[in-house]
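Topology and contacts: notes
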Amino acid sequence: MVRHLVDTINIAMESSIPRKKVHPHFLWILLPTPVRALIRRRNNIRRLWQRYRTIDLKRQLKALNEEVHIALAEVRKDHWESHLEEELLNEDGEESMNGVWKLCRKLRGSQHTDPLIISGNHVAASPAEKVEMLARYLEGVFTPNPGNSASARIETEIHDAEEVNDEIPTPVIEKEDIIAVIRLLHPRKAPGSDGISNNVIRELPKAAVAYLANIFNGCDRTFVTSWLRTDSGVRRIHAGVLQGSVLGPMLFNIYTHDIPRDHGRHGILSLYADDAALLYRSWQVNLAAERLQEAIDDLIKWYRRWRIEVNAGKTKAIVFQTSRRAPPDERMSVGGVVLPSESSILVC
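Thresholds applied
- Residues numbered from 1 in each chain as written.
- Predicted model: local features only at pLDDT ≥ 70, side-chain atom pairs only at ≥ 80, totals over all residues.
- Heavy atoms only, no water.
- Salt bridge = Lys/Arg side-chain N within 4 Å of Asp/Glu carboxyl O.
- Buried < 20%, exposed > 50% of the residue type's maximum accessible area, 1.4 Å probe, protein only.
- Phe/Tyr/Trp six-rings, centres within 6.5 Å; stacked < 30°, edge-to-face > 60°.
- Helix = DSSP H or I, 4+ residues; strand = E, 2+ residues; numbered from the N terminus.
- Lys NZ or Arg CZ within 6 Å of the ring centre and 35° of its normal.
- Core = buried A, V, L, I, M, F, W, Y, C linked by side-chain atoms within 4.5 Å.
- Axes fitted to C-alpha atoms, helices over the stretch in contact; angles between N-to-C directions.
- Parallel < 35°, antiparallel > 145°, perpendicular 65-115°, else oblique.
- Contact = heavy atoms within 4.5 Å.
- Nonpolar A, V, L, I, M, F, W, Y, C, P; charged D, E, K, R; others polar.
- Pairing = 2+ DSSP bridges.
- Lys, Arg positive; Asp, Glu negative; His and termini not counted.
- Polar contact = N/O pair within 3.5 Å; in protein donor to acceptor, adjacent residues only side chain to side chain.
- Expected span 1.5 Å × (residues − 1).

Considering the pattern of salt bridges
Applying the stated rule across the entire model yields three salt bridges. Residue Arg 291 is joined to Glu 290 by a salt bridge in which the shortest nitrogen-to-oxygen separation is 3.7 Å. Residue Arg 291 is classed as partly exposed on the basis of its relative accessible area of 32%. Each of Glu 132, Glu 139 and Arg 235 takes part in salt bridges that share partners, so that together they form one network.

Below you can see the structure in the form of structure tokens.
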């Protein structure tokens, strides 16, 4: 439904663009005078034949068409030969291999070979194979992480909450709601990947707004991957929030609201979106590392309980100190993975 709406809007945009006709004299002046005279004579005979429809005029028109075809072929041949002389000859009038290579590149054009996508033992070469491989990967990303013993109780609570929510009617998006949002769109904002600007959206008719309301009211958490105008099958989103959505940051903040934050008087937990930083201050490095490891273990328990996977490969440990002496090698771990001590960290 969404693709049909986008295609319809793009067709309407294309049809509404005024087209400028190319003036015939632009190409006419490039033809030699005898060829132009031959074309004029052919056109006059064609007009007479269209009016009188005699056999004699038809024979003349056929013969003149053949003469015009041969004359235009000779013009193209002469133009090609002059172009070859310009490309192949250097400033001294001698043939140059550089000119040959440049001409070959122009004739061959730019060739682009799409790279293969390798995932395990599977190799995707065609666009259809690539979109399906990307769809399988994203479907795994949108699948809940495996839980622990506490997950059964959580699943029961979620199931009970869903049964209660089923009795509450889902709010319906009306056309007036969409129109109110459309009026707030900035007219100069750049269009997205579909090429539809906000000015075009502001001019949508009532039928298109009603179509949008049906899409919003009947949408499901699904996605489709595209590659070179090839679409994959529809895959479901079982977990996570959509990147770039309005409710995404709010839902994530609600989900992580009860994350453990009490890490002692000298411990600090800093959060930014899905990134977390644990800091601990102490006069002794080993004591700070010990307290920091306890805080990490508490966070890992909370993450596993709520099925949030921690990327240990992107987790770093660093010691800041006023002394110029090298800090002791205090090893910490995240989920059993030992963290190397870093001298500097790039914050992106």
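Details of the packing of aromatic side chains
In total, this model carries two aromatic pairs according to the counting rule given. Centre to centre, the rings of Tyr 255 and Trp 306 are 6.0 Å apart; their planes meet at 75°, and the pair counts as edge-to-face. With Tyr 255 in helix H11 (residues 248-255) and Trp 306 in the loop between helix H12 (285-305) and strand S9 (317-318), the pair connects residues that are 51 residues apart, well separated along the chain. A relative accessible area of 39% places Tyr 255 in the partly exposed class. Both rings, one in Trp 302 and one in Tyr 303, keep their centres 5.5 Å apart while their planes meet at 70°; by these two values the pair is edge-to-face. No difference in accessibility class separates Trp 302 from Tyr 303, as the two residues are buried. The ring of Trp 49 carries Arg 53 above its face, with NZ or CZ at 4.0 Å from the centroid.

Thoughts on the nonpolar core
By size, the foremost hydrophobic cluster in this structure holds 14 residues, and its most contacted members are Ile 259, Leu 299, Ile 300, Trp 302, Tyr 303, Met 332 and Val 334. A per-element tally of this core places H12 first, with seven residues. Ranked by size, the runner-up nonpolar core spans twelve residues in total, among them Val 6, Ala 208, Leu 212 and Ala 213.

Considerations on the packing of helix H4 (residues 55-88) against helix H5 (residues 97-108)
Orientation of H4 relative to H5, taken along the N-to-C sense of each, is 130°, at an axis distance of 8 Å. Of the possible angle classes, the one that applies to H4 and H5 is oblique. Along the contact surface, H4 presents Trp 80, His 83, Leu 84, Glu 87 and Leu 88, while H5 presents Gly 99, Val 100, Leu 103, Lys 106 and Leu 107. In terms of residue class, the contact of H4 with H5 is built from six nonpolar, two polar and two charged.

Notes on the pairing of strand S7 (residues 267-272)
As paired elements, S7 and strand S8 (residues 275-280) share six bridges and run antiparallel to each other. Considered in S8, the bridge of Gly 267 is made with Tyr 280. In sequence, S7 turns back onto S8 through a hairpin of two residues, with Ala 273 there showing a positive phi of about 55°.

Let's talk about the side chain of Arg 36
Tracing the sequence through the fold places Arg 36 in helix H3 (residues 33-52). At 14 Å, Asp 78 is the nearest oppositely charged side chain to Arg 36, a buried residue that forms no salt bridge. From its side chain, Arg 36 meets the backbone oxygen of Leu 31 in a polar contact 3.2 Å long.

Things to note about H4
Between the first and last C-alpha of H4 there are 50 Å, a value that for 34 residues agrees with the 50 Å anticipated at 1.5 Å per step. For H4, the complete set of buried residues consists of Leu 57, Leu 61, Leu 64, Val 68, Ala 71 and Glu 87. Taken together, the buried residues of H4 touch H3 and H5.

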